[in-house]
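Chains, contacts and geometry: an overview
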Amino acid sequence: MQVTIIGSGNVATVLGRVLVNKGNKVDKVYSRDLHHAEILANELGAEAINDLQEADGSADLYLVAVTDDALAEIAARLSLKNKLVVHTAGSVSKEILKNASNNYGVLWPMKMIRKQMTTLEPVSIVVDGSSAETIIQIENLARLFSPNISRADDAQRAKMHMLAALTSNFANHLYQLASDYCAAEGIDFSVFYPIIEETALGLHQAAPSNLQAGPAFRGDRQTIQKHLALLQAYPQISRVYEMMSKSIAESFPEKKHASTPEKPR
């Protein structure tokens, strides 16, 4: 398969790398900044371009891996008839590509992608397309990256994108807060790796509600107050602790929780 990649950032780099490693040919890499296009093109054995008119319809696949804000502008400048054109954004409608080709869709890797990666796995790939035939084409393409493939229309994918932030970005922010607290208090954050990993792995065996534990789950107000006392010098973490404790309490009302933990005096 011959591929033109539109974009030169993290997603374009890693997807292009995997495509080439799987025996496909990347013929051109586009970026508004020619130097950026050249860096990726040199790695992939492709031609660097900074004029979209040079994306002339000779490739089998046009992979649009640019920022969400740039998608509309890029799509408006493409005219590729029946060539397969896909974008990689989770929160943008496939219909943004409807004037670029009759054969268009979405291939969204649900993952935080960094340029140094040589593979996407483990990853879920979410796909959609302008027709049943196109969806099958995109699913076949997705199998080059992962065996874990799901179909989702624009509405479902928007919800999945929100949930990806909730389950990954928000969880990582909690780790950041904990890591910052450890650094300030002289605690080795790596001590917590096993419990973090155990909780994540437990999701393969049980529903999250069956894995919940801790003082907020038990309705243990005394321990909650002790924890809040330890956070008096860390107002940001304290606010998050209170909010999360309240949410856990509301999720398990049978535990007779206090509606909101009182702040220590």
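Anyway, here's the lowdown on the structure attached to this text. (Residues numbered from 1 in each chain as written. Predicted model: local features only at pLDDT ≥ 70, side-chain atom pairs only at ≥ 80, totals over all residues. Heavy atoms only, no water.)

**Some thoughts on the pattern of salt bridges**
So the rule is basically this: Any Lys or Arg side-chain nitrogen located within 4 Å of an Asp or Glu carboxyl oxygen qualifies as a salt bridge. Under the DSSP-based scheme used, a helix requires at least four consecutive residues in state H or I and a strand at least two consecutive residues in state E, with every element numbered from the N terminus. Think of it in three bands: residues with accessible area under 20% of the maximum for their type are buried, residues over 50% are exposed, and the middle band is partly exposed, with areas taken using a 1.4 Å probe on protein chains only.
Counted under the stated rule, the structure contains 11 salt bridges. As a salt-bridge pair, D56 and K28 come within 3.5 Å of each other at their nearest N and O atoms. Of this pair, D56 sits in the loop between strand 3 (47-49) and strand 4 (61-64) while K28 sits in strand 2 (residues 25-30), and the two are 28 residues apart along the sequence. Residue classification places K28 among the buried residues on the basis of a relative accessible area of 11%. The salt bridge involving D220 is made with R218; its shortest N-O contact spans 3.2 Å. You can call D220 partly exposed: its relative accessible area is 22%. Through salt bridges with shared partners, one network takes in K94, E95, D128, D154 and R157.

**What to know about the pairing of strand 2**
The condition is simple: Two strands pair under a simple rule: DSSP has to find at least two bridges between them. Call a crossover right-handed when, viewed with both strands pointing away from you, the route from the first strand across the helix to the second goes clockwise.
Counting buried positions over the 6 residues of strand 2 gives 5, a clear majority of the element. Where strand 1 (residues 2-6) and strand 2 come together, 5 bridges link them in parallel fashion. Pairing of Q2 across the sheet is with K25, part of strand 2. The parallel pair strand 1 and strand 2, bridged by helix 1 (residues 10-21), forms a crossover whose chirality is right-handed. Across 3 bridges, the pairing between strand 2 and strand 3 is parallel. Note on strand 3: the bridge partner recorded for K28 is E47. Assessed by its sense of winding, the connection that carries the chain from strand 2 through helix 2 (residues 34-44) to strand 3 is right-handed.

**Details of the nonpolar core**
Across soluble globular proteins, nonpolar side chains have a tendency to be buried as a group. Heads up, the condition is: To qualify as a nonpolar core, a set must consist of buried Ala, Val, Leu, Ile, Met, Phe, Trp, Tyr and Cys residues joined through side-chain atoms within 4.5 Å.
Core analysis: the largest hydrophobic core is formed by 30 residues, its most contacted members being I5, V29, L107, L120, I125 and F145. Looking at this core, the elements that each hand over two or more residues are strand 1, helix 1, strand 2, helix 2, strand 4, strand 5 (84-87), strand 7 (124-129) and helix 4 (132-142). Listed in part, the 19 residues of the second largest apolar core include I49, I74, L78 and V85.

**Brief notes about the packing of aromatic side chains**
Rules: Aromatic pairs are defined between Phe, Tyr and Trp rings, using the six-membered ring for Trp, whenever the two ring centres lie within 6.5 Å; interplanar angles under 30 degrees are classed as stacked, those over 60 as edge-to-face, and all others as tilted.
The final tally for this structure, using the stated rule, is 4 aromatic pairs. With a centroid separation of 6.3 Å and 35° between ring planes, the pair formed by F189 and F192 is classed as tilted. Its relative accessible area of 18% is what places F189 among the buried residues. On the accessibility criterion, F192 (35% relative accessible area) is partly exposed. Centre to centre, the rings of F217 and F252 are 4.9 Å apart; their planes meet at 85°, and the pair counts as edge-to-face. With a gap of 35 residues between them, F217 in helix 8 (residues 215-218) and F252 in the segment after helix 10 (235-251) connect regions that are remote in the sequence. This pair shows no difference in class: F217 is buried, exactly as F252 is.

**Focus: the side chain of N103**
What counts is decided by this rule: Contacts described as polar in this section are N or O atom pairs within 3.5 Å, which, within protein, must combine one atom able to donate a hydrogen with one able to accept it, while residues neighboring in sequence count only if both atoms come from side chains. By the convention used here, residues are in contact when the closest approach between their heavy atoms is within 4.5 Å.
Relative to the helices and strands, N103 is located in strand 6 (residues 103-110). Looking at N103, its side chain comes within polar contact range of the main-chain oxygen of N82, at 3.5 Å. The residues touching N103, leaving out its near neighbours within four places in the chain, are K81, N82, K83, L84, V85, S130, T134 and Q137.

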